[in-house]
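Analysis of the macromolecular model
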Amino acid sequence: MTLTVLNVAYPLAPVGPDAVGGAEQVMSALDRALVEKGHRSVVVACQGSSTTGVLVETPAEAGVLDEAAKNRAHKA
């Protein structure tokens, strides 16, 4: 049976194997492993992310990550 797995990343940090955050690195590893096993991986993450499966990009925030930036990112 083939699975389709949707992962939604923290909206203020890009996902990828070289990501700064541990959660983003783990998501990248899960994405890669799912695709390698023949499953479909869909990742919702900010621009600048790198995935093996399908990447659904949300706008990246630039500048100060204040409450307004966090609210915009969550709405996106």
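Preceding this paragraph is the structure being described.
Notes on the structure in this doc start here. (Residues numbered from 1 in each chain as written. Predicted model: local features only at pLDDT ≥ 70, side-chain atom pairs only at ≥ 80, totals over all residues. Heavy atoms only, no water.)

Looking at the side chain of Ser41
Relative to the assigned elements, Ser41 resides in strand E2 (residues 40-46). Separated by 2.5 Å, the side chains of Ser41 and Asp31 make a polar contact. Residues within four places of Ser41 in sequence aside, it is in contact with Val5, Asp31, Leu34, Val35, Gly53 and Val54. (Helix = DSSP H or I, 4+ residues; strand = E, 2+ residues; numbered from the N terminus. Polar contact = N/O pair within 3.5 Å; in protein donor to acceptor, adjacent residues only side chain to side chain. Contact = heavy atoms within 4.5 Å.)

A few points about helix H1 (residues 22-36)
With 15 residues, H1 extends 21 Å between its outermost C-alpha atoms, agreeing within 8% with the 21 Å of an ideal straight helix rising 1.5 Å per residue. Residues of H1 that are buried: Glu24, Met27, Ser28, Asp31 and Leu34. Each buried residue of H1 lies within a common arc of 130° when the element is viewed along its axis, so the set occupies one face. (Expected span 1.5 Å × (residues − 1). Buried < 20%, exposed > 50% of the residue type's maximum accessible area, 1.4 Å probe, protein only. Arc of directions from axis to C-beta.)

Here we look at the sheet that holds strand E1 (residues 4-8)
A sheet is described by the order of its strands in space; here 3 strands give the open sequence E1-E2-E3, paired in parallel fashion. Sheet topology places E1 and strand E3 (54-58) at the edges, where each strand pairs with a single neighbour. Adjacent strand axes in the sheet meet at a mean angle of 15° when their direction is disregarded. Here E2 runs beside E3; their pairing, made up of 5 bridges, is parallel. Among the inter-strand pairings, Val43 is bridged to a residue of E3, identified as Leu55. Sheet strands touched by H1: E1 and E2. Its angle to E2, the strand with the most contacts, is close to 155°. (Pairing = 2+ DSSP bridges. Axes fitted to C-alpha atoms, helices over the stretch in contact; angles between N-to-C directions.)

A short note on the environment of Asp66
Among the structural elements, Asp66 can be located in the loop between E3 and helix H2 (67-75). A relative accessible area of 37% places Asp66 in the partly exposed class. Sequence-wise, Asp66 and Val15 are 51 residues apart; in three dimensions their C-alpha atoms are separated by 20 Å.

Here we look at the environment of Ala73
Relative to the helices and strands, Ala73 is located in helix H2. On the basis of relative accessibility, which here comes to 5%, the residue Ala73 falls in the buried class. The sequence separation of Ala73 and Tyr10 amounts to 63 residues, and the corresponding C-alpha distance is 9.0 Å. Apart from the residues lying within four places of it in its own chain, the contact partners of Ala73 are Pro11, Leu12 and Glu61.

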